[in-house]
Amino acid sequence: MSAPKLTVVIPVYNEEATLAALFARLYPALDALHTAYEIIFINDGSRDKSAAILSQQFHVRSDVTRVILFNGNFGQHRAILAGFAHARGECIVTLDADLQNPPEDIPLLLAEFDKGYDYVGSIRRKRHDSWWRHVASRAMNRLRERITRIHMTDQGCMMRAYSRRIVDTINQCNEMNTFIPALAYSFAQNPTEVVIGHEERHAGESKYSLYSLIRLNFDLMTGFSVVPLQLFSMLGMLLSLGSAVLVVYLVVRRLFIGPEAEGVFTLFAITFFLLGIALFGIGILGEYIGRIYNEVRDRPRYLIAGILEHKSE
Ligand code: UDP
Ligand code: MG
């Protein structure tokens, strides 16, 4: 196998129900491109038959297929990072295994690449997610864009294309919990976006709960920006200014009008409000400290049990 032009990286976690359909559409779509390509599947510690199905597929198409088998479940983004570390293509495309994004649309991404862009993001043409996901992801998108300055119309869509240079740069980063489209975007020189198709998940269930979506967004905010912390010092400044005014007012009032007892509950309300803000601030500090802790430990991001690939001489 000489160095291929295109590498497709696909993380797989408990996808036994979708893999056959994925193979049936992905391989013909890539063969039709008439360019040298490779597909890297990363089995992220699936507990179902995914690993067996992948190794079977490796034997069917060992000319273009490589399989990395993880020693446990390390999460979608670390799986993709392992794929990046082994990718050899000039252009690297990430794709989910669940067929929510049609593999037939890969040429759309490549076409932008040929125009000279080095990062091709994607926007789902028609979303088939539940309404709360729709509303929540829209609001988060806006907030994220303001805070991190990363422009992604549709952060939930993983089907994207990256240049060799971007992937090399990502390979030099040793980040533990990252969000690949955002990390890649921060290294892109000439990013663009295209609209691609979007379908229901072919089979199986989404691996993400509401909790992990909230986690992901915290990772995005605190991983790519310190604005939340800075906002906090701003807020702290404003509040202490406000309470200073309040104290002066109460002192003056006491001197001229006398002590007041009726206003006690107003003061309670203000105190609870300030307490809430202080707790939130401690929470945000915790987010950053947690990240620092993870980085400082410097543990391996993933463990590979084995790699199936054709020996190239
Ligand atoms: N995935 C993974 N490890 C995980 C969770 C998910 O490799 O711990 C893979 C999964 O197999 C799929 C992709 O990441 O190929 C996206 O997952 P999913 O479709 O469940 O996410 P959603 O589309 O619901 O955001
Ligand atoms: Mg999906």
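Look up a bit, the structure's there.
Everything quoted here is computed from the prediction, not taken from an experiment.

K.L.:
Any chance you could break down the packing of aromatic side chains for me, citing the residues and the numbers?
P.N.:
Following the criterion strictly, the structure yields nine aromatic pairs and no others. Centroid distance Phe70 to Tyr302: 5.1 Å. Interplanar angle 15°. Geometry classified as stacked. In this pair, Phe70 sits in strand S3 (residues 65–70) while Tyr302 sits in the loop between helix H10 (264–297) and strand S8 (304–308), placing the two residues 232 residues apart along the sequence. Exposure class is identical for Phe70 and Tyr302. Each is buried. On the basis of an interplanar angle of 80° and a centroid distance of 5.8 Å, the ring pair of Phe84 and Tyr162 is categorised as edge-to-face. One end of the pair, Phe84, is in helix H3 (residues 76–86); the other, Tyr162, is in strand S6 (residues 160–163), and 78 residues separate them in sequence. Among the aromatic side chains, those forming a connected cluster through ring pairs are Phe84, Tyr119, Tyr162 and Tyr185.

K.L.:
Please set out the nonpolar core residue by residue, giving values where relevant.
P.N.:
Within the largest apolar cluster, 33 residues are counted, with the highest numbers of intra-cluster contacts made by Leu6, Ile10, Leu26, Ile39, Phe41 and Ile106. With seven residues, the top contributor of residues to this core is helix H1 (residues 16–31). Non-local contacts of Ile39, meaning those with residues more than four positions away in its chain, are made with Val8, Ile10, Leu26, Tyr27, Leu30, Val64, Thr65 and Arg66. Of all hydrophobic cores here, the second largest spans 31 residues; its members include Phe70, Ala79, Tyr119 and Ile180.

K.L.:
Describe the site of ligand 1, and please don't skip the residues or the numbers.
P.N.:
Around ligand 1, the structure places 17 residues, and the nearest of them are Glu15, Asp44, Asp98, Ser206 and Lys207. With respect to ligand 1, the backbone of Ala97 contributes an N or O atom lying 2.9 Å from an oxygen atom. Separating an oxygen atom of ligand 1 from a backbone N or O atom of Lys207 is a distance of 2.6 Å. Relative to its unbound accessible area of 540 Å², ligand 1 is 91% covered by the protein chains. The residue inventory of the shell around ligand 1, partitioned by class, reads five nonpolar, five polar and seven charged.

K.L.:
With reference to specific residues and values, describe the packing of H1 against helix H2 (residues 50–60).
P.N.:
Viewed as axis vectors pointing N to C, H1 and H2 meet at an angle of 25°, and their least axial separation amounts to 9 Å. On the basis of the axis angle, H1 is roughly parallel to H2. When the axes of H1 and H2 are compared, the crossing they make is right-handed. Of the residues in H2, those in contact with Glu16, Leu19, Phe23 and Tyr27 of H1 are Ser50, Ile53, Leu54 and Gln57.

K.L.:
Outline the coordination of the magnesium ion (ligand 2), supporting the account with residue identities and numerical values.
P.N.:
Donor atoms from the polypeptide that bind the magnesium ion (ligand 2) are Asp98 (OD) and Gln100 (OE1), placed at 1.8 to 1.9 Å. The same class applies to Asp98 as to Gln100, namely buried.

K.L.:
Could you give an account of the packing of helix H8 (residues 210–224) against H10, with specific residues and numbers?
P.N.:
At a minimum axis separation of 10 Å, H8 and H10 run at an interaxial angle of 80°. As judged from the angle between their axes, H8 and H10 are roughly perpendicular. Contact with H8, carried on its side by Arg215, Phe218, Asp219, Met221, Thr222 and Gly223, involves Glu287, Tyr288 and Arg291 of H10 and no other residues of that element. A class-by-class count of the residues in the contact of H8 with H10 yields three nonpolar, two polar and four charged.

Calculation rules
Residues numbered from 1 in each chain as written. Chains lettered and ligands numbered in written order. Predicted model: local features only at pLDDT ≥ 70, side-chain atom pairs only at ≥ 80, totals over all residues. Heavy atoms only, no water. Phe/Tyr/Trp six-rings, centres within 6.5 Å; stacked < 30°, edge-to-face > 60°. Helix = DSSP H or I, 4+ residues; strand = E, 2+ residues; numbered from the N terminus. Buried < 20%, exposed > 50% of the residue type's maximum accessible area, 1.4 Å probe, protein only. Core = buried A, V, L, I, M, F, W, Y, C linked by side-chain atoms within 4.5 Å. Contact = heavy atoms within 4.5 Å. Near = heavy atom within 4 Å. Polar contact = N/O pair within 3.5 Å; in protein donor to acceptor, adjacent residues only side chain to side chain. Areas by Shrake-Rupley, 256 points an atom, 1.4 Å probe, with all protein chains shown as cover. Nonpolar A, V, L, I, M, F, W, Y, C, P; charged D, E, K, R; others polar. Axes fitted to C-alpha atoms, helices over the stretch in contact; angles between N-to-C directions. Parallel < 35°, antiparallel > 145°, perpendicular 65-115°, else oblique. Left-handed = near helix turned anticlockwise from the far one by under 90°. Donors = N, O, S within 2.8 Å, 3.2 Å for Na, K, Ca; no water.

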